[in-house]
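# Secondary and tertiary structure notes
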Amino acid sequence: MSSNRSPRPETIVLHAGHRGDPNTGSVAVPIHQTTSYQFRDTEHASNLFALSELGNIYTRIMNPTQAVFEDRMAALEGGVAGLALASGQAATAFSLQNVAHAGDNVVSSTDLYGGTWNLFANTLKDQGIEVRFVDPADPENFRRAIDDRTRAFYAETLPNPKLHVFPIREVADIGREYGIPLIMDNTAAPLICRPLDHGAAVVMYSTTKYIGGHGTSIGGLLIDGGNFDWEAFPERQPYLNRPDPSYHGAVWTEAVKPLGPIAYIIKARTTLLRDLGAATTPMNAFLFLQGLETLPLRMERHNANAAAVADFLNGHARVAKTIYPGLMVGEERRRADAYLDGGYGALVGFELAGGREAGRKFIDALELLFHVANIGDARSLAIHPATTTHSQLSQEEQAATGVTPGYVRLSIGLEHIDDILADLDQALAAAG
Ligand code: PLP
């Protein structure tokens, strides 16, 4: 684009990172189904390995189809570079392993996807990385949990089931005082929130959800905001500031300087992805690019349909409580309005007055909504956490996460709103 103005999201998702294939003119991004890439000559090969030139070496570490997806997502989020990975779980793990080693710790919000909770409370713990969980209702809880070995803060923008929007700016500002980056899982809020604009340093996605949009592919992504001064805190961020024995002694903040402020993401790619191998596939990157093209249109419909569902549930005789950011009051509403722009997302929770048994009956009566452990599909989805995702937890633990026996989570899709409401209405009637 010739003017200085940045293109809008609707344009970015169609154009960023690809203007016709240089070899064929192909307008659609080609699927580069290859493992490896012919080096021009030995000098070219050694430049690529030395990182003095960026280019393709091997598809475990990079691929041209994936590169367009990464660039497009980075442009959409206002970041400087992306890294596509095999799953959201891999992206979360890498986001922290990139800055925290055994003996270090991370401070995380308690309001997390269950898979993230398991990763933090068990697998990262087994690797010697302690995750300290704090209640985000008071941002100062993050400051209180910091010590000399705290390497990162972690949170979700729009965490379910509570759907309390995270205080991004408040916590990012605390972190920046100490050289601690805030890593935000923005899976549930693409386009309606850009965490980097509010001070986050890194954005993480499960692209499995809205980015793909069609429930076909598992994927994850990290985006480097390029807005965090890693070099200013050498003690706090040792792995980006001291020689890395896993890459012939490279000091990432130094080595990557000629390529831009992308030390964090290059390190993740050239060490973690190289060694642990959680690579995505060219085919999945292609499918995510297809999904991304319609994301702005889909989010408009997700937002509008979910708002209509929340209105319908709110005040319904069989519904004890509706959980939706647009219906919240006080500080929770203030945060929702401060950080979400253009809608409150597709997620709507509600508590059935009839409790656990009513939850089961409601789910079993659904005819249109799918009963699945997923969100962000073009189709509307429902789940009863007490008998599925949260069934391993005690009632007290369930309550702490915001799940009551009659709680149902909906991810509202793109069907006609009349059909969605008709199905909810008949299932509510059946719930008794
Ligand atoms: N983060 C959030 C908010 C999620 O909802 C999920 C999956 O449900 C993940 C991360 C993990 O992503 P994936 O299933 O792609 O590994």
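It should be noted that the structure appears before, not after, this text.
Reference entry: report on the structure contained in this document.

### With respect to the overall build of the protein
If you tally the helices and strands in the protein, you get 16 helices and 12 strands. Each principal axis of the C-alpha atoms in the protein carries an extent, and together these give about 75 × 55 × 40 Å. Buried residues in the protein amount to 55% of all 432 residues. For the protein, the exposed area adds up to about 17,800 Å²; of that, 52% sits on carbon and sulfur atoms. Both charge centroids of the protein, one from 35 positive and one from 49 negative side chains, sit 1 Å from each other.

### Some thoughts on the site of the ligand
Lining the immediate surroundings of the ligand are S87, G88, Q89, Y113, E156, D185, T187, S206, T208, K209, I218 and G219. The contact in question runs from an oxygen atom of the ligand to an N or O atom on the backbone of G88, over 3.0 Å. For the ligand, whose accessible area on its own is 390 Å², the fraction buried by protein is 90%. If you map the ligand onto the pockets, it falls in the largest pocket. Of the residues in the shell around the ligand, the class split is 2 nonpolar, 7 polar and 3 charged.

### Focus: the nonpolar core
Among the nonpolar cores identified, the biggest contains 81 residues, and F69, F362 and L410 are the most heavily contacted of them. When residues no more than four places from it in sequence are discounted, the contact partners of F362 are F350, L352, V408, L410, L424, A427, L428 and A431. Grouped together as the second largest cluster of nonpolar side chains are 41 residues, V99, A100, L112 and F228 included.

### A few points about helix α16 (residues 417-431)
The terminal C-alpha atoms of α16 lie 21 Å apart, and with 15 residues this matches the ideal 21 Å at 1.5 Å per residue to within 8%. Along α16, the residues that are buried comprise I417, I420, D423, L424, A427, L428 and A431. Buried residues of α16, viewed axially, fall in a sector of 135°; they line one side. Once α16 ends, the next one or two residues include G432, with phi positive near 70°.

### Details of the pairing of strand β6 (residues 202-206)
Among the 5 residues in β6, 5 count as buried, and that is most of the element. Residues V202, M204 and S206 point to one face of β6 and V203 and Y205 to the other, with burial holding for every one of them. Note: strand β5 (residues 182-185) against β6, 3 bridges, orientation parallel. The residue of β6 that forms the bridge with I183 is V202. For β6 and strand β7 (residues 220-224), the ladder comprises 5 bridges, and the chain directions are antiparallel. Bridge pairing in β7 places S206 opposite G220.

### Some words on the side chain of S108
In this structure, S108 sits in strand β2 (residues 105-109). When its relative accessible area of 0% is taken as the criterion, S108 is described as buried. Sequence-distant contacts of S108, defined by excluding residues within four places in its chain, comprise F120, V131, R132, F133, V134, F142 and Y154.

### Quick word on the environment of A429
Take A429: it is sitting in helix α16. For A429, a relative accessible area of 48% translates into the label partly exposed. Residues A429 and P261, 168 residues apart in the sequence, show an inter-C-alpha distance of 56 Å.

### Focus on the layout of surface pockets
Any space left empty among the atoms is revealed by the rolling of a water-sized probe across them. Of the volumes computed, that of the largest pocket is approximately 1,000 Å³. Contributing to the lining of the largest pocket are 42 residues, with L112, Y113, G114, G115 and T116 lying nearest its centre. Among the elements of the structure, α4 (88-97), α5 (114-126), β6, α15 (395-401) and β12 (407-411) are those that each provide at least two residues to the lining of the largest pocket. With 5 residues, α5 is the largest single contributor of residues to the lining of the largest pocket. Of the residues belonging to the lining of the largest pocket, the class tally is 15 nonpolar, 20 polar and 7 charged. What lines the second largest pocket is a set of 34 residues, among which G55, N56, M62, N63 and A67 lie closest to the centre. Looking at the lining of the second largest pocket, the elements with two or more residues in it are α2 (42-50), α3 (64-77), β1 (81-85) and α10 (263-276).

### What to know about α10
Helix length check: α10 (14 residues) gives 19 Å between terminal C-alpha atoms against 20 Å at 1.5 Å per residue, within 8%. In terms of burial, α10 is a largely internal element, 11 of the 14 residues being buried. Burial in α10 covers these residues: A263, Y264, I265, I266, K267, A268, R269, T270, T271, L272 and L273. Positive backbone phi, approximately 75°, marks G277, located one or two places after α10.

### With respect to the sheet that holds strand β9 (residues 347-352)
The 5 strands are arranged β8-β9-β12-β11-β10 in an open sheet whose pairing can be described as mixed. Looking at the sheet topology across the chains shown, the edges are occupied by β8 (319-323) and β10 (370-371). Running over the sheet, helix α12 (residues 295-313) touches β8, β9 and β12 and is turned about 15° from β9.

Calculation notes
- Every chain is numbered independently, its residues counted from 1 as its sequence is written.
- It should be noted that, the model being predicted, local features are given only for residues of pLDDT at least 70 and side-chain atom pairs only at 80 or more, the latter also being counted only at that level, while totals for whole chains, interfaces and linings use all residues.
- Based on all heavy atoms of the structure, the side-chain values leave hydrogens and waters out of the count.
- Runs of H or I in DSSP of at least four residues are treated as helices and runs of E of at least two as strands, each being numbered from the N terminus.
- Note on exposure labels: buried denotes an accessible area under 20% of the residue type's maximum, exposed denotes more than 50%, and partly exposed covers the range between, all computed with a 1.4 Å probe on protein chains only.
- Only the protein chains shown count as covering a residue, and every accessible area follows the Shrake-Rupley method with a 1.4 Å probe.
- Charged residues are defined here as Lys and Arg on the positive side and Asp and Glu on the negative side; His and the ends of the chain fall outside this count.
- In this description, the location of a charge corresponds to atom NZ of lysine, CZ of arginine, CG of aspartate or CD of glutamate.
- Distances are taken per atom, and a residue is near a molecule or strand as soon as one of its heavy atoms is within 4 Å of it.
- Think of a polar contact as two N or O atoms within 3.5 Å of one another; within protein, one of them needs to be a possible hydrogen donor and the other a possible acceptor, and neighboring residues in sequence only count if both atoms come from side chains.
- Only protein atoms enter the 1 Å grid, on which a cavity is a set of points fitting a 1.4 Å probe that cannot get out and a pocket is an open set with protein on both sides within 12 Å along at least 5 of 7 lines, lining residues being those with an atom within 4 Å of a point.
- Think of it this way: a molecule belongs to a cavity or pocket when more than half its atoms come within 2 Å of the grid points there.
- For this classification, the nonpolar set comprises Ala, Val, Leu, Ile, Met, Phe, Trp, Tyr, Cys and Pro, the charged set comprises Asp, Glu, Lys and Arg, and every other residue, Gly included, is treated as polar.
- Working definition of a nonpolar core: buried Ala, Val, Leu, Ile, Met, Phe, Trp, Tyr and Cys residues. They are joined through side-chain atoms within 4.5 Å.
- Any two residues whose heavy atoms approach within 4.5 Å at even a single point are treated as in contact.
- To estimate how far a helix should extend, the number of its residues minus one is multiplied by 1.5 Å.
- The arc in question is traced by the directions running from the helix axis to the C-beta atoms.
- Two strands are said to pair when DSSP picks up at least two bridges between them.
- Grid points are joined across faces, edges and corners, and a volume is the space filled by probe spheres set on the points.
- Only the stretch in contact is used when fitting a helix axis, every axis being a line fitted to C-alpha atoms; angles between N-to-C directions are given from 0 to 180 degrees.

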